[in-house]
Amino acid sequence: MGRSFRRGVPALALLAVLVLAPAAGAALAPGALDPSFGSGGVAGATGLFAATPAGGGVDGQGRIVTIGGYVDATFLQILPHIPFVNRILGDGSADPGFAGGGLLTLGQDPAGFGGTGPEAGALAPGDATLVAATAAGRVFVNRITAAGGIDPAFGTDGRADVGDSGGGVVFGVAAVPAGVLVGWTPAGGHPRLTRLTSAGTVDTAYGDDGTAVLTALADGGRLAVAADGSAFAAGPSGSAPAVVALDAAGAPRAGFGAAGVAKGPKRVLGDGRVSALALAPGGGLYLVADGLVSRVTAAGAFDAAFAPRLELSAVRASVPTALVVQPDGDVLVAAAADPPAYVPPVAPPVHRPGVPYATSSSIPPLPEDGGAIVARLTPAGAFDCSYG
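Values in this document were obtained by computation on a predicted structure and should not be read as measured data.

Quick notes on the rules
- Residue numbers restart at each chain and count upward from 1, following the sequence in its written direction.
- Selection of residues for local features in this predicted model requires a pLDDT of at least 70, selection of side-chain atom pairs for listing and counting requires 80 or more, and totals for whole chains, interfaces and linings are taken over all residues.
- Water and hydrogen atoms play no part in the side-chain values, which are based on all heavy atoms of the structure.
- What counts as a ring pair is set by centres within 6.5 Å for rings of Phe, Tyr and Trp (its six-membered ring), and what kind of pair is set by the plane angle: stacked under 30 degrees, edge-to-face over 60, tilted for all other angles.
- Only DSSP runs of H or I reaching four residues or more are called helices, and only runs of E reaching two or more are called strands; each is numbered from the N terminus.
- Either the NZ atom of lysine or the CZ atom of arginine qualifies as a charge over a ring when it sits within 6 Å of the ring centre and within 35 degrees of the ring normal.
- Here the term buried applies to any residue with accessible area under 20% of the maximum for its type, exposed to any over 50%, and partly exposed to those in between, with areas from a 1.4 Å probe on protein chains only.
- The contact criterion used throughout is that any non-hydrogen atoms of two residues lie within 4.5 Å.
- The pLDDT value expresses, per residue, how confident the predictor is, ranging between 0 and 100.
- In short, DSSP must find at least two bridges between two strands for them to pair.
- Axis definition: a line fitted to C-alpha atoms, over the contacting stretch in the case of helices. Angles run 0 to 180 degrees between N-to-C directions.

### Some details on the packing of aromatic side chains
Pairs of aromatic rings are described using the distance from one ring centre to the other and the angle between the two planes.
At step 1: Inspection of every chain in the model, using the stated rule, returns three aromatic pairs.
At step 2: Taken together, a centroid distance of 5.7 Å and an interplanar angle of 65° make the contact between phenylalanine 232 and phenylalanine 256 edge-to-face. Taken as a pair, phenylalanine 232 in strand β14 (residues 231-237) and phenylalanine 256 in the loop between β15 (240-246) and β16 (261-263) lie far apart in primary sequence, 24 residues in all.
At step 3: Geometry around tryptophan 184 places arginine 192 over its ring, the cationic atom sitting 5.8 Å from the centre.

### Here we look at the side chain of aspartate 203
At step 1: The topology assignment puts aspartate 203 in the loop between β11 (192-196) and β12 (211-213).
At step 2: Judged by relative accessible area, aspartate 203 falls into the buried class, the value being 13%.
At step 3: Each residue touching aspartate 203, except ones within four places of it in the same chain, is listed here: Arg195, Leu196, Thr197 and Gly210.

### Observations concerning the confidence of the model for the protein chain
At step 1: With 76% of its residues at a pLDDT of 70 or more, the protein chain has an overall mean of 80.
At step 2: Within the protein chain, the lowest mean pLDDT, 38, falls on helix α1 (residues 11-20), and the highest, 98, falls on β11.
At step 3: Long-range and interchain partners of residues 1-25, a stretch whose pLDDT sits below 50, account for 88 contacts in this model, where long-range means more than four residues apart.
At step 4: Overall, residues 348-369 carries pLDDT values under 50, and its contacts beyond four positions in sequence, including any with other chains, amount to 56 contacts.

### Topic: the environment of valine 180
At step 1: Summarising the element assignment, valine 180 is placed in strand β10 (residues 179-185).
At step 2: For valine 180 and serine 198, which are 18 residues apart along the polypeptide, the C-alpha to C-alpha distance reads 6.7 Å.
At step 3: Residue contacts for valine 180: discarding those within four places in its chain leaves Leu130, Val141, Phe154, Val173, Ala174, Thr194, Arg195 and Leu196.

### A closer look at the sheet that holds β10
At step 1: A sheet is described by the order of its strands in space; here four strands give the open sequence β9-β10-β11-β12, paired in antiparallel fashion. In this open sheet, the two strands that pair with only one neighbour each are β9 (169-176) and β12. Looking at each pair of strands side by side, their axes are set apart by 15° on average, direction ignored.

### A closer look at the sheet that holds strand β6 (residues 128-135)
At step 1: Read across the open sheet, the four strands follow the order β5-β6-β7-β8; overall the sheet is antiparallel. Each end of this open sheet is capped by a strand with a single partner; those strands are β5 (120-124) and β8 (159-164). Neighbouring strand axes in the sheet, compared pairwise and without regard to direction, differ in orientation by 20° on average.
At step 2: Pairing between β6 and strand β7 (residues 138-144): seven bridges, direction antiparallel. In the strand pairing of β7, alanine 135 is matched with arginine 138.

This is how it looks when you write it as structure tokens:
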């Protein structure tokens, strides 16, 4: 099983770097940190208090983009989150061609697009970046140019006003062929998908006057989009994980689940909340719900045969919170791991060589310090023992 560690580095950010960064150290073993990248194989924004990643990837030039939010301690009681975009080069160094030094922050108040809840972010055509958040009771989407500036051609001065947030939060944003799709959930209501045109106005041709209400979900979790503009939103439904599929027009996608809805099994003590969602090569999806990785087929059925173990550590609880599907179908799963408050006096069992972790009674241990864990699963759901 692959394990990569770095104190204080969010699992999603670490996963993006490990999976998507250009591989400078081709001779390194799979899962090993590349010492030629950043500092000991890890790179990212520095100086941001309580930074939390919310999206990102690699743009067309091989530069790595991380989007998220941080807390300005000066405004701690006023503004919980301030959105940021960080871009680094393929060697892990800050990109001087982006916002003058690789880091763009989007303000400390509604006029500067300061968020009041979790942000969402994604890459867009032309090496642009999309950032969605709530501010002053509204849902906003900003488009950032490849140079790290606010795009004046999008919305009003680079900011599109989606509408009244209803006291809720955003859970996803993505570029689609017809423009931009943003997922958001009003407080006490069902999740919604709203499509904006490429100019940043609400596209009334999508769903019902621009918005599709996902009544099958109790809350929003994650959003993924296909190349044809189809959208997949995942979240809880009756305390079980579920995926809603919509076509490019915002209608239930034909041939997926029951009327466009795939519902998974309810797990003991689970609430169905989804922390990660990704499309699989050739159709289907992978998701993390209630700490477990599940596979949903292209026809919209939860695959009962895909059941990898939850535990990534024998020393402490570590719940997967991010995943990426590789072109060959293998799945990289990441989890944050803090130092345990209590270490059991009995050493964890040692894994027997050649025995897949999915069928073994042992769990690989972790080093004593905190950090992040990255594991690779095969398409069958077994831990790949050659990784890490």
